[in-house]
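Structural description and commentary
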Amino acid sequence: MLGVRSLAGQVLLFQVIVVVLTVAAALVALVLQSRNDSTHEARLRSLDVATTLAYAPDTLTAMTGPDPTAVLQPLTERIRHDTGVDLVVVYSREGVRYTHPDPAQIGKVVLGPSSPPHEPVTETTETTQGLSVLSTVPVTRADGTAVGSVGVGITVRKVAGMAAEQLPILLGTAAGALAVCAGGTALVSRRLLRQTHGLGPVEMTRMYDHHDAVLHAVREGVLITGGDGRLLLANDEARRLLGLPPDPERSRITDLRLDPGIAELLTSQRPATDEVHLTADRLLAVNKRPTARDGAYAGSVVTLRDTTELRALSGRAEVARERLTLLYDAGTRIGSTLDVEHTARELAEVAVPRFADLVTVELAEEVPRGEEPAAASTVMRRAAVSGSGAGPAPLPVGRAVPLADGTPQARCVASGRAVLETERAASGAGPAQDTGDAGRTADQGADALIAVPLRARGAVLGVVTFRRAGRAEPYDEEDLPFAEELATRAAVALDNARRYTREHAMAVTLQRSLLPRDLPEPSALELAHRYLPAQAGVGGDWFDVIELSGARVALVVGDVVGHGLHAAATMGRLRTAVHNFATLDLAPDELLARLDDLVARLDRERAAQGEDEGLIGATCLYVVHDPVTATCCAARAGHPPFALALPDGTVSFPDLPAGPPLGLGGLPFESTEFPVPEGSRLVLYTDGLVEDRDRDIDVGLGILRTALTRPGRTPEQTCQDVLAALPPDRARDDIALLVARTRVLDPGRVADWDVPRDPAAVSAVRADVGRQLETWDLAELGFTTGLILSELVTNAIRYGSPPIHVRLLRDRGLICEVSDGSSTSPHLRHAAATDEGGRGLFLVARYAERWGTRYTPTGKVIWTEQSLDGRTTGPGGFSGDADPLDQWADVTL
């Protein structure tokens, strides 16, 4: 109540300041007056004491006596104590002290003038004890001759201390004045609070401003009525809306000539909320609330709002809101997939029934195939139909719809703008035959239709037709912009789907051409595979089976990150590179190292060309199975490990060093060799099989392990088991699956010999090989095989290093292998007519179907392969019946 912000508090604060200033001024005046009075009092007292002592007869007698100090010292000390002065000193004519409060000073000459003054003198000086007054009076004889003087000193503070006794009275008076002020202010404040209902000056000013704003600025009528039916307040807007006179206050409401309905509402005690009343040419929304808070009716507050224009605009606003909502729904629903027909159905369904009763979508025949539509297409194919069931049945989806001249569809295609047709039922004409044999049209029975071309990037993809039948509001010109906007959004989605369809078809064609069509059928493995593309499009997953020398088989699975043409093209390049590297009989780790260099080089080339697809992300798993030793050698570059299912149903994932993905460089790749019993299943896959957005890869590997635990399953059955356990529904990535069941080459089909480094051992090897061929019923291959081994063993003895070993394998062909400890590889060359050597490998190449070199950790192996049917057609194209030595007719053998 007495806060600084209130008026009473501010008055009290002012009174306190006045009292404080008054008390301060009084204190200052008291101190100054006390100081002056004290100084004057000190001068009088010191002079009186000095005069009395100087004029006393005993003083003169003592000063002229033999010992003035003995007589005067006790006397002056008694006077000093009785009068309260600080100093009483008697001086001789020469200025020698006869008396002093300090006995040590007696007999000493005073500093300064020593002769006594001619008349009494009073001086005021500052000393260490404060302001002091000193009075000096001469002591004279009867003839006026001075014999000495008397000095009396007193400190002013002793006199001023008496004035301090008046200070409590002054402060008590000030406190009483403050109490009276506070009490008076409190009484005034309470009276103001009762009269202003607790409002201060700020609140009252704000209330007045608000009252003025309500009366003059608010564009809403405000009335305040009393409980006696009189109008207490009306603002300017209320006077305008109701046509009130200039000064309607204190008038009875019944005397204001108001509309009966409004007059009845104002005089009644019932409240109202947005109650609509018609007065003159205005439509008013009236709200009424009582002013009393306790429930008793003491009057009311009424607000008036002119809704005439708002009612006219509300219908349009509602239509506009519905259109915006429909456009928003169309933006979220149309184009949810990249399928042309599905996008057309979304367009037809989103407009029914909010904008049309029947919607048909016709597309150019090239659009569903992903091709560019023809410039002038007179026949389109129905892609989607959606209707509320009213009117004749439209043509089904897939039927051809000709665009006859003069039809709204043909006109909108020609003009590129929406076409509006009204009163179709009256004319009975229909441009597009929609019911075939029934002879009726989809336009018959429709009050109006709008045909809009589906245009994107300057090409007409098709036509959408919106029809209404039996509605109170047929289409008008204001509906055309909305129909065009809806069709434009749908056309963009359709064009995106068309372009995706074209790219997808191209990518599928490219991928099918790059993936292996038919896998080889090696004797060492029984194979089965599956390839499932992702829903998002063609990816870069791939697999391959490559036959190597020595009856070995390489199994390859890779994955290129991404989808589309770029991923498919990269996959084809990597698959081709693996084939080329495999022909070199490289170890798995060395093959991946060369593949890694290739990917890094491709990245550098793309960066130099300014392509922005990013780095090539690829992984690869390379496994080589050897049926002779029943082992596998494998290496991987960032790819998931393969699964090994043993014949007894035990499933494991061999621990292969992961290695970085291709193209990143870094640590070298490592190969791991492990035994694989006959009948085991090698399961190679890509991460799309075991990894999913909603499933961790460890969970996928566990499911795969469980699916492979059934023993005795063929590779085809294994593929079915795996895909049943890990269904590829809604696959977000490609899935490549390769299953191989291992076989071991019968030891009876393998023969080998150690060869000493002696040219004479060649004939012994030829003899042993001949006997072995007779055992295998391959005696007809004895001559060519002996010739090949003679050349290879001779080269090993002459140019190689021990140990030298010969191995003969009978598989689908006859394989001869000669190994030695040297890493030097022979190469084929054409010898001149005069050369004595250089024709050995030429003969080997002519007699063998294939031949090559592979390196081992201890040296190299030169291998050849011959057909078992006895034909020796080599790369040169001549048969074994022809003598290859005929080409050297000029050479004497």
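Residues numbered from 1 in each chain as written. Predicted model: local features only at pLDDT ≥ 70, side-chain atom pairs only at ≥ 80, totals over all residues. Heavy atoms only, no water.

A volume near 660 Å³ is recorded for the second largest pocket. Along the wall of the second largest pocket there are 24 residues; nearest its centre are Arg552, Asp626, Arg854, Thr856 and Pro857. Looking at the lining of the second largest pocket, the elements that each hand over two or more residues are strand 19 (618-626), strand 20 (631-637), strand 27 (804-810), strand 28 (813-820) and strand 29 (850-856). Taken together, the residues of the lining of the second largest pocket sort by class into 10 nonpolar, 7 polar and 7 charged. (1 Å grid on protein atoms, 1.4 Å probe; cavity = no way out; pocket = protein on both sides within 12 Å on 5 of 7 lines; lining within 4 Å. Points joined across faces, edges and corners; volume = space filled by probe spheres on them. Helix = DSSP H or I, 4+ residues; strand = E, 2+ residues; numbered from the N terminus. Nonpolar A, V, L, I, M, F, W, Y, C, P; charged D, E, K, R; others polar.)

Within the secondary structure layout, Asp559 lies in strand 18 (residues 553-563). Nearest to the buried, unbridged Asp559 among oppositely charged side chains is Arg636, at 12 Å. Sequence-distant contacts of Asp559, that is, excluding residues within four places in its chain, are made with Gly540, Asp541, Trp542, Gly617, Ala618, Thr619, His639, Thr686, Asp687 and Asp733. (Buried < 20%, exposed > 50% of the residue type's maximum accessible area, 1.4 Å probe, protein only. Lys, Arg positive; Asp, Glu negative; His and termini not counted. Salt bridge = Lys/Arg side-chain N within 4 Å of Asp/Glu carboxyl O. Contact = heavy atoms within 4.5 Å.)

In this section: the packing of aromatic side chains. For any pair of aromatic rings, the description consists of the separation of the ring centres together with the inter-plane angle of the planes. This model, assessed by the stated rule, comprises 4 aromatic pairs. Taking the centre distance of 5.3 Å and the plane angle of 80 degrees together, the rings of Phe355 and Phe466 count as edge-to-face. Pair noted here: Phe355 is in the loop between helix 10 (340-350) and strand 10 (358-364) and Phe466 is in strand 15 (residues 459-468), with a separation of 111 residues, a long-range link. An angle of 45 degrees between the planes, with centres 5.2 Å apart, marks the rings of Phe355 and Tyr475 as tilted. Of this pair, Phe355 sits in the loop between helix 10 and strand 10 while Tyr475 is found in the loop between strand 15 and helix 13 (479-514), placing the two residues 120 residues apart along the sequence. (Phe/Tyr/Trp six-rings, centres within 6.5 Å; stacked < 30°, edge-to-face > 60°.)

The next point concerns unusual backbone geometry. Each neighbour pair has its own omega, and for Val352 with Pro353 the value is 0 degrees, a cis peptide bond. Turning to its location among the elements, Pro353 is positioned in the loop between helix 10 and strand 10. A cis amide bond links Pro802 with the next residue in sequence, Pro803, at an omega value of 0 degrees. Looking at the secondary structure, you find Pro803 in the loop between helix 20 (782-799) and strand 27. Unusually for a residue other than glycine, Asp274 sits at a positive phi of about 50 degrees. Secondary-structure assignment places Asp274 in strand 7 (residues 272-279). Using a relative accessible area of 41% as the deciding quantity, one classes Asp274 as partly exposed.

With that settled, the discussion passes to the nonpolar core. Judged by nonpolar contacts, the single largest core of 53 residues is most densely connected at Trp542, Leu555, Leu595, Tyr622, Val623, Phe642 and Leu684. Of the residues forming this core, the biggest block, 7 residues, is contributed by helix 14 (residues 565-583). Beyond its immediate sequence surroundings of up to four residues, Leu684 is in contact with Leu555, Val556, Val557, Leu621, Val623, Phe642, Ala736, Leu737 and Leu738. In terms of nonpolar packing, the next biggest core, distinct from the first, is built from 40 residues, Ala351, Tyr475, Ala483 and Leu494 among them. (Core = buried A, V, L, I, M, F, W, Y, C linked by side-chain atoms within 4.5 Å.)

Counting across every chain of the model gives 33 salt bridges. Between Glu526 and Arg741 there is a salt bridge; the shortest N-O distance is 2.6 Å. Placement of Glu526 in strand 16 (residues 525-532) and of Arg741 in strand 25 (residues 735-742) is noted, with a sequence separation of 215 residues between them. Ionic pairing is found between Arg850 and Glu865, a salt bridge with its closest N-O pair at 2.5 Å. Here Glu865 lies in strand 30 (residues 859-867) and Arg850 lies in strand 29, a separation of 15 residues in the sequence. For Glu865, a relative accessible area of 19% corresponds to the buried category.

Counting across every chain of the model gives 0 disulfides. Counting only cysteine sulfurs, Cys633 is the nearest neighbor of Cys632, a cysteine outside any disulfide, at a range of 8.7 Å. Relative accessible area serves as the criterion here: at 0%, Cys632 is assigned to the buried category. (Disulfide = S-S within 2.5 Å.)

Taken together, the side chains of Leu13, Ile17 and Leu21 present a nonpolar region at the surface, about 280 Å² in accessible area. Turning to its location among the elements, Leu21 is positioned in helix 1 (residues 7-55). The class for Leu21 is exposed, based on a relative accessible area of 56%. (Patch = residues over 30% accessible without salt bridge, like charges linked within 9 Å, V, L, I, M, F, W, Y side chains within 5 Å. Areas by Shrake-Rupley, 256 points an atom, 1.4 Å probe, with all protein chains shown as cover.)

By the criterion of burial, strand 10 is predominantly enclosed, with 7 of the 7 residues buried. Every second residue of strand 10 is oriented toward a common face, with Leu358, Thr360, Glu362 and Ala364 on one face and Val359, Val361 and Leu363 on the other, all of them buried. By the bridge criterion, 7 bridges tie strand 10 to strand 11 (residues 379-387) in an arrangement that is antiparallel. Bridge pairing links Leu358 to Gly387 in strand 11. (Pairing = 2+ DSSP bridges.)

Here we come to the sheet that holds strand 3 (residues 130-140). Spatially, 1-4-3-2 is the arrangement adopted by the 4 strands of the open sheet, whose pairing is antiparallel. Only two strands of the sheet have a single partner each, and these edge strands are strand 1 (87-92) and strand 2 (121-127). Neighbour to neighbour, the strand axes of the sheet diverge by 20 degrees on average, direction disregarded. Relative to strand 4 (residues 146-155), strand 1 is paired through 6 bridges, and the arrangement is antiparallel. (Axes fitted to C-alpha atoms, helices over the stretch in contact; angles between N-to-C directions.)

With that settled, consider the packing of helix 17 (residues 697-707) against helix 18 (residues 715-725). Closest axis-to-axis distance for the helix 17/helix 18 pair is 9 Å, and the angle between their directions is 140 degrees. The orientation of helix 17 relative to helix 18 falls into the category oblique. Between helix 17 and helix 18 the crossing geometry is right-handed. Where helix 17 approaches helix 18, its residues Ile703, Leu704 and Ala707 are matched on the opposing element by Asp721, Val722 and Ala725. Of the residues in the contact of helix 17 with helix 18, the class split is 5 nonpolar, no polar and 1 charged. (Parallel < 35°, antiparallel > 145°, perpendicular 65-115°, else oblique. Left-handed = near helix turned anticlockwise from the far one by under 90°.)

Further remarks concern the sheet that holds strand 8 (residues 282-290). If you trace the 5 strands from one edge of the open sheet to the other, you get 6-5-9-8-7, paired in antiparallel fashion. For this open sheet the edge positions go to strand 6 (231-234) and strand 7, each flanked by a neighbour on one side alone. Ignoring which end each strand starts from, the neighbouring axes of this sheet average 25 degrees apart. Packing against the sheet, helix 8 (residues 260-267) makes contact with strand 5 (221-226), strand 7, strand 8 and strand 9 (299-306), and its axis sits at approximately 150 degrees to strand 7.

Moving on, we get to the environment of Glu371. With respect to the secondary-structure elements, Glu371 resides in the loop between strand 10 and strand 11. For Glu371, the residues in contact, after removing those within four places along its chain, are Glu366 and Arg498. Of note is the side chain of Glu371, whose polar atom sits 3.4 Å from the side chain of Arg369. (Polar contact = N/O pair within 3.5 Å; in protein donor to acceptor, adjacent residues only side chain to side chain.)

The next thing to look at is the confidence of the model for the protein chain. Residues at a pLDDT of 70 or more form 84% of the protein chain, whose mean pLDDT is 81. For the stretch residues 884-893, pLDDT sits under 50, and the model shows 11 contacts to residues farther than four places along the chain or on other chains. (pLDDT = per-residue confidence, 0-100.)

Another point: helix 17. Buried within helix 17 are the following residues: Gly700, Leu701, Leu704 and Ala707. When helix 17 is viewed along its axis, its buried side chains cluster within an angular range of 120 degrees and face the same direction. Exposed side of helix 17, more than 90 degrees from the buried face: Asp698 and Thr706 are the residues found there. The inward-facing, buried residues of helix 17 abut strand 24 (681-685), helix 16 (687-690) and helix 18. Structurally, the start of helix 17 carries an N-cap: the backbone nitrogen of Asp698 is 3.1 Å from a side-chain oxygen of Asp696. (Arc of directions from axis to C-beta.)

Bringing the packing of helix 13 against helix 14 into the picture now. Where helix 13 contacts helix 14, the axes come no closer than 9 Å and their chain directions differ by 10 degrees. Taken together, the axis directions place helix 13 and helix 14 in an arrangement best described as roughly parallel. Contacts from Glu503, Met506, Ala507, Leu510, Gln511 and Leu514 of helix 13 reach helix 14 at Leu565, Ala568, Ala569, Met571, Gly572 and Arg575. Considering only residue class, the contact of helix 13 with helix 14 consists of 8 nonpolar, 2 polar and 2 charged.

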